[in-house]
Amino acid sequence: MSLISVKSGLLGIRQFMKHQSCNSTTLIFERVYQPHLPKLGGTPKLKKRHNILKVKEEMSTPKDLKVILTENSEVFGVKGEVVTLPKYFARKLIYCAKTAIYASPDNIEKYALGEESNQTVTGRRMLFWLKSHPVFECAFPQEKEWNLKTDNLSRCLQRDFDVLIPASTMTLPDYEITNENAFDDQIHKIEIMVNGVENVEIEVKFVPRSS
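Residues numbered from 1 in each chain as written. Predicted model: local features only at pLDDT ≥ 70, side-chain atom pairs only at ≥ 80, totals over all residues. Heavy atoms only, no water.

### Re the packing of aromatic side chains
Test applied: In this analysis, rings of Phe, Tyr and Trp, with Trp reduced to its six-membered ring, are considered paired at centre separations within 6.5 Å, and the interplanar angle assigns stacked below 30 degrees, edge-to-face beyond 60, and tilted for intermediate values. Note on conventions: DSSP H or I runs of at least 4 residues are helices, E runs of at least 2 residues are strands, and numbering of each starts at the N terminus. Here the term buried applies to any residue with accessible area under 20% of the maximum for its type, exposed to any over 50%, and partly exposed to those in between, with areas from a 1.4 Å probe on protein chains only.
Throughout the structure, instances matching the rule amount to 8 aromatic pairs. With centroids separated by 5.0 Å and ring planes inclined at 80 degrees, the aromatic side chains of Phe136 and Phe161 adopt a geometry described as edge-to-face. Residue Phe136 is located in strand β7 (residues 136-140), and its partner Phe161 is located in helix α5 (residues 150-161); the two are separated by 25 residues in the primary sequence. With relative accessibility at 1%, the residue Phe136 sits in the buried group. Considering the side-chain rings of Trp146 and Phe183, the 6.1 Å spacing of their centres and the 85 degrees angle between planes classify their relative orientation as edge-to-face. Of this pair, Trp146 sits in the loop between β7 and α5 while Phe183 sits in the loop between β8 (170-171) and β9 (188-194), and the two are 37 residues apart along the sequence. Phe183 shares its class with Trp146; the two are buried.

Okay, structure coming up:
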């Protein structure tokens, strides 16, 4: 049985836990000698022996913590997503950055993305990434003749940016984009339909591809 004497508040407990390295363990203490019950309306009189505590129960706690993101993050996810993070990062988001809240049942019901949402979590991530990305620079051959098709642009985005966007979800501008007008530093706006739910507009710039 582990005994500890409490001095100056919780100082003894903190020192005990520090020596035990209980970073992922919750300790429940109880007094070895219980004080006598005071008279009605009075306060118990504590003596030195009443400051001796023993460990009643040792509970292992998970190292990770579930939180709900309240803002979009390029690192952790999108707003409303429930993510599991190490406690250090989770508490940093909650208390320092204030971009997350605890994933309690009430908070999940109020703030988490539910099944009633038309867009999936993956779709929201894709939308956020496309909107926050700067101009997409796609490398195309300058000397060969070509007329831009959605298939060409889809392969370019997969090759240069490692993102797979089906050609059927893209809408090109009303004008034609060819090797003759693509390399004049003009920025072209392309519409992409994500999961058939929401449109997002990206900016594409064509640069000569080195042989």
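What follows continues from the structure just given.
### Remarks on the sheet that holds strand β4 (residues 64-69)
To be explicit about the condition: Here the rule is simple: two strands pair whenever DSSP picks up at least two bridges between them. The angle between two axes is taken between their N-to-C directions and runs from 0 to 180 degrees, where each axis is a line fitted to C-alpha atoms and a helix contributes only its stretch in contact.
What the 3 strands build is an open sheet, ordered β5-β4-β6; its pairing is antiparallel. Each end of this open sheet is capped by a strand with a single partner; those strands are β5 (82-86) and β6 (100-102). For this sheet, the mean inter-axis angle between neighbouring strands, taken without regard to orientation, is 45 degrees. With 3 bridges joining them, β4 and β6 adopt antiparallel strand pairing. Along β6, the bridge assignment pairs Ile68 with Ile101.

### Some remarks on the environment of Phe140
Considering the arrangement of structural elements, one finds Phe140 in strand β7. In the structure, Phe140 is positioned 39 residues away from Asn179 in sequence and 8.2 Å away in space, judged by C-alpha atoms.

### Considering helix α2 (residues 87-97)
Rules: The arc under discussion is defined with respect to the helix axis, by the directions toward the C-beta atoms. Note on contacts: a residue pair is in contact if any heavy atoms of the two residues lie within 4.5 Å.
Buried residues of α2: Lys87, Ala90, Leu93 and Ile94, and no others. Each buried residue of α2 sits inside an arc of 135 degrees when the element is viewed along its axis, so together they form one side. Turned more than 90 degrees away from the buried face of α2, the exposed residues are Tyr88, Tyr95 and Cys96. Considering only its buried residues, α2 is in contact with β4, β5 and β6. Within two residues after α2, Lys98 carries a phi angle of roughly 55 degrees, on the positive side.

By themselves, these figures tell us nothing about what the structure is for.
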